[in-house]
Amino acid sequence: MSSPPPDPLRGLPAVHEVLEQPPLAEIRRSLDHDLLVAEIRKRLADHREALQSGTARKSPDAAALATETAEAVAAWEGPTVRAVINLTGTLLHTNLGRAPLSEAAVAAMERAAATADVEYDLGHGTRGDRDQRVAPLLTRLTGAEAATVVNNNAAAVLLALSTLARGEPVVVSRGELVEIGGSFRIPDIMRHSGCRLREVGTTNRTHPRDYREALEAGGRVLLKAHTSNYRVVGFTREVPLERLVALGREHGVPTVADLGSGALVDTGRWGLEGEPTVQGAIAAGADLVTFSGDKLLGGPQAGLLVGRAEWIRALKRNPLKRALRCDKVTLAALGETLRAYLHPDRLEEALPTYRMIGRPVSEVDELAQRLLPHLQRWAGDRARAEIVDGESQVGSGSLPGATLPTRLIALTPETGPATALAESLRALEPPVVGRVSGGRVLLDPRGLLEENALLQALASR
Ligand SMILES: *Cc1c(COP(=O)(O)O)cnc(C)c1O
């Protein structure tokens with residue numbers, strides 16, 4: 001007769017045994033004791049559950065648990081977000097923090113970080129207006145009557161609809177019921193803002209009469225959402241903003257334009273056609289225009305609302321505004337970013353976003369030539385590095401389909417998969433993020449702002 005198998009749970013060490021292991025010696029001296037014990041207990045509980053459910057067969061020993069715990073503690077002590085080098089070819093990469101901030105914006109954030117007059121009137125010594133410095137810039141630059149700022153553009157749309165159309169039907173074309181990456185869906189935002197979605201037209205074609213019928217049936221707001229990250233092509237028809245505004249006015253109904261990216265300059269200057277400007281939307285008569293701070297504006301994450309004074313006043317009275325307001329550090333960076341547009345001829349020097357977009361392909365090529373030997377040295381005999389033609393995209397849902405010619409460094413693996421090569425680039429300090437395509441790792445230097453940081457990363461391993 002065979003004896004029953006030993007109970008694996010009995011092999012789990014006790015908390016005090018784990019605490020005594022060498023990997024935790026240093027940590028025990030400085031870290032809060034209760035936090036450390038709680039982390040060990042949590043790990044023991046996870047292992048116990050894995051053993052009970054059969055997903056693990058063998059209990060880890062005290063040393064292994066101590067090593068795990070030490071790694072978790074090291075992660076707490078490490079940076080919350082790490083600086084990375086974006087060579088993906090998507091210049092404003094949502095997962096990599098979108099627009100890189102200008103030096104002036106970073107300096108302003110540092111100044112604002114301590115105590116700042118974010119909502120204080122220094123003249124009167126009383127409570128002030130959070131928008132006091134940003135609104136005058138925004139109105140001058142866009143031609144709008146008034147402006148305000150919230151946390152991001154999703155919040156701006158939420159606030160606009162919740163203020164203008166609470167409980168009422170909002171009319172929007174079926175061709176514009178967009179989903180932006182990271183689960184921003186126009187229909188969801190509309191539901192959460194408490195208004196009712198009144199879809200009109202079809203995916204590819206919406207006519208003025210579709211809107212008119214919806215207005216006659218009681219539509220209270222017209223919404224035009226920029227189809228940021230896709231384009232409907234072929235047999236299509238959309239109603240231009242001017243026309244929509246005119247229809248709205250006939251019925252005494254405001255028009256909201258969600259531009260998404262919302263450029264303040266004509267990106268046609270860099271061969272990127274078709275991105276509507278904020279000034280254009282205001283000139284077309286939109287009552288409210290919403291856009292992001294960290295897309296083509298080139299600033300911090302923020303949601304900007306510009307338009308008619310009466311609507312901006314109403315937005316600022318909505319209690320939601322309080323929940324969605326931005327902090328002093330964001331406002332400081334945003335103000336500094338907007339200031340760059342006072343000198344449009346120097347935009348490429350002032351804003352990293354336009355430095356990347358405006359880089360001539362010849363300059364990208366020179367950069368690629370300089371980087372090539374360093375990448376080949378780093379890769380050694382794991383891969384062959386060469387320069388090939390490619391295309392950069394702006395990203396963040398701006399300018400779908402529009403690309404900038406670029407020169408890529410392609411790493412073709414000699415051994416192992418391209419994904420492993422890309423992974424070792426991401427393990428550098430700072431991490432280097434490229435993209436894998438057709439069995440190669442492609443690195444786009446158009447987005448490289450700190451050449452030295454890349455050289456140091458490559459030399460670090
Ligand atoms: C990006 C985008 C949003 C969301 O903006 P966030 O700043 O990411 O919150 C909303 N609408 C459109 C059309 C967009 O392109």
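1. Some remarks on the overall build of the protein chain
Right, so step 1: Scanning the protein chain from N- to C-terminus turns up 19 helices and 17 strands.
Right, so step 2: Relative to its full complement of 461 residues, the protein chain shows a buried share of 50%.
Right, so step 3: Contacts in the protein chain between residues far apart in sequence, at least 24 positions, make up 74% of those at least 6 positions apart.
Right, so step 4: Surface accessibility of the protein chain: about 22500 Å² in total, with carbon and sulfur atoms responsible for 50%.

2. Some words on the pattern of salt bridges
Right, so step 1: By the definition in use, this model includes 26 salt bridges.
Right, so step 2: One salt bridge in this structure joins Arg-43 and Glu-68, with 3.1 Å as the shortest N-O distance. Here Glu-68 lies in helix α4 (residues 62-77) and Arg-43 lies in helix α3 (residues 33-53), a separation of 25 residues in the sequence.
Right, so step 3: Judged by relative accessible area, which is 23%, Glu-68 ranks as partly exposed.
Right, so step 4: Among the charged side chains, a salt-bridge network with shared partners connects Glu-119, Arg-127, Arg-130 and Arg-325.

3. Details of the packing of aromatic side chains
Right, so step 1: A full pass over the atoms with the stated rule returns 1 aromatic pair.
Right, so step 2: Above the plane of the ring of Trp-378 lies Arg-382, whose end atom (NZ or CZ) is 4.5 Å from the centre.

4. Topic: unusual backbone geometry
Right, so step 1: With an omega of -5 degrees, the peptide bond between Glu-429 and Pro-430 qualifies as cis.
Right, so step 2: Topologically, Pro-430 is positioned in the loop between α18 (418-426) and β15 (432-433).
Right, so step 3: Phi at Arg-98 takes a positive value of approximately 55 degrees, unusual for a residue other than glycine.

5. Focus on the pairing of strand β17 (residues 440-443)
Right, so step 1: For strand β16 (residues 435-437) and β17, the ladder comprises 3 bridges, and the chain directions are antiparallel. The partner of Arg-435 across the bridge, within β17, is Leu-442.

6. Considering α18
Right, so step 1: Where α18 is concerned, the buried positions are Ala-418, Leu-421, Ala-422 and Leu-425. Each buried residue of α18 sits inside an arc of 100 degrees when the element is viewed along its axis, so together they form one side.

7. Thoughts on helix α10 (residues 241-250)
Helical geometry: 3.6 residues make up each α-helical turn, so side chains three or four residues apart lie on a common side.
Right, so step 1: Regarding α10, the residues found buried are Leu-241, Leu-244, Val-245, Leu-247 and Gly-248. Projected down its long axis, α10 shows its buried positions confined to an angular sector of 160 degrees, all on one face.
Right, so step 2: Within two residues after α10, Gly-252 carries a phi angle of roughly 65 degrees, on the positive side.

8. Quick notes on the packing of α3 against α4
Right, so step 1: Direction vectors running N to C along α3 and α4 enclose 125 degrees, while the axes themselves pass 10 Å from each other. In terms of their interaxial angle, α3 and α4 are classed as oblique. For the pair α3 and α4, the crossing hand works out as right-handed. In this structure, α3 contributes Leu-35, Leu-36, Glu-39, Ile-40, Arg-43, Leu-44 and His-47 to the contact, and α4 contributes Leu-65, Glu-68, Thr-69, Ala-72, Val-73 and Trp-76.
Right, so step 2: Residue classes in the contact of α3 with α4 are distributed as 8 nonpolar, 2 polar and 3 charged.

9. Let's talk about the environment of Arg-98
Right, so step 1: Inspection of the secondary structure assignment puts Arg-98 in the loop between β1 (85-86) and α5 (103-112).
Right, so step 2: Relative accessible area serves as the criterion here: at 18%, Arg-98 is assigned to the buried category.
Right, so step 3: Residues Arg-98 and Ile-27 lie 71 residues apart in sequence; the distance between their C-alpha atoms is 36 Å.
Right, so step 4: Residues contacting Arg-98, with those up to four places away along its chain left out, are Leu-92, His-93, Ser-292, Asp-294, Lys-295 and Ser-396.
Right, so step 5: Here the side chain of Arg-98 touches Asp-294 through a polar contact of 3.1 Å, side chain to side chain.

10. Describing the sheet that holds strand β8 (residues 196-200)
Right, so step 1: A sheet is described by the order of its strands in space; here 7 strands give the open sequence β4-β12-β11-β10-β9-β5-β8, paired in mixed fashion. Either end of the sheet is taken by a strand with one partner, and the two such strands are β4 (146-150) and β8. Within the sheet, the average angular offset between the axes of one strand and its neighbour, ignoring direction, is 25 degrees.
Right, so step 2: As paired elements, strand β10 (residues 255-260) and strand β11 (residues 288-292) share 4 bridges and run parallel to each other. The residue of β11 that forms the bridge with Gly-260 is Phe-291.

11. Structural notes on the environment of Asp-381
Right, so step 1: Along the chain, the position of Asp-381 falls in the loop between α17 (361-379) and β13 (383-395).
Right, so step 2: Considering only alpha carbons, one finds Asp-381 and Gly-434, 53 residues apart in sequence, at a separation of 19 Å.

12. Some thoughts on the side chain of Glu-119
Right, so step 1: Residue placement: Glu-119 occurs in the loop between α5 and β2 (120-121).
Right, so step 2: In this structure the side chain of Glu-119 is engaged in a polar contact, spanning 2.4 Å, whose partner is the side chain of Arg-130.
Right, so step 3: When sequence neighbours within four positions are dropped, the list of residues in contact with Glu-119 reads Arg-127, Gly-128, Asp-129, Arg-130 and Arg-325.

13. Quick notes on the packing of helix α6 (residues 134-142) against helix α14 (residues 328-339)
Right, so step 1: Where α6 meets α14, the closest approach of the two axes is 10 Å, and the angle between their N-to-C directions is 30 degrees. Regarding the angle of α6 to α14, the classification is roughly parallel. Here the hand of the crossing between α6 and α14 comes out left-handed. Two secondary-structure elements touch here, α6 through Val-134, Leu-137, Leu-138 and Leu-141 and α14 through Leu-331, Leu-334, Gly-335, Leu-338 and Arg-339.

14. Quick look at the side chain of Ser-173
Right, so step 1: Position of Ser-173 relative to the elements: it lies in strand β5 (residues 169-173).
Right, so step 2: Its relative accessible area of 4% is what places Ser-173 among the buried residues.
Right, so step 3: What Ser-173 contacts, discounting residues up to four positions off in sequence, is Val-200, Thr-202, Thr-206 and Tyr-211.

15. Observations regarding the environment of Arg-198
Right, so step 1: Of note, Arg-198 is situated in strand β8.
Right, so step 2: Along the chain, Arg-198 and Ala-217 lie 19 residues apart, while their C-alpha atoms are 9.9 Å from each other.
Right, so step 3: Excluding its chain neighbours within four sequence positions, the residues that come into contact with Arg-198 are Pro-169, Val-170, Val-171, Val-172, Ala-214 and Ala-217.

Reading guide: rules and limits
Residues numbered from 1 in each chain as written. Predicted model: local features only at pLDDT ≥ 70, side-chain atom pairs only at ≥ 80, totals over all residues. Heavy atoms only, no water. Helix = DSSP H or I, 4+ residues; strand = E, 2+ residues; numbered from the N terminus. Buried < 20%, exposed > 50% of the residue type's maximum accessible area, 1.4 Å probe, protein only. Contact = heavy atoms within 4.5 Å. Areas by Shrake-Rupley, 256 points an atom, 1.4 Å probe, with all protein chains shown as cover. Salt bridge = Lys/Arg side-chain N within 4 Å of Asp/Glu carboxyl O. Phe/Tyr/Trp six-rings, centres within 6.5 Å; stacked < 30°, edge-to-face > 60°. Lys NZ or Arg CZ within 6 Å of the ring centre and 35° of its normal. Pairing = 2+ DSSP bridges. Arc of directions from axis to C-beta. Axes fitted to C-alpha atoms, helices over the stretch in contact; angles between N-to-C directions. Parallel < 35°, antiparallel > 145°, perpendicular 65-115°, else oblique. Left-handed = near helix turned anticlockwise from the far one by under 90°. Nonpolar A, V, L, I, M, F, W, Y, C, P; charged D, E, K, R; others polar. Polar contact = N/O pair within 3.5 Å; in protein donor to acceptor, adjacent residues only side chain to side chain.

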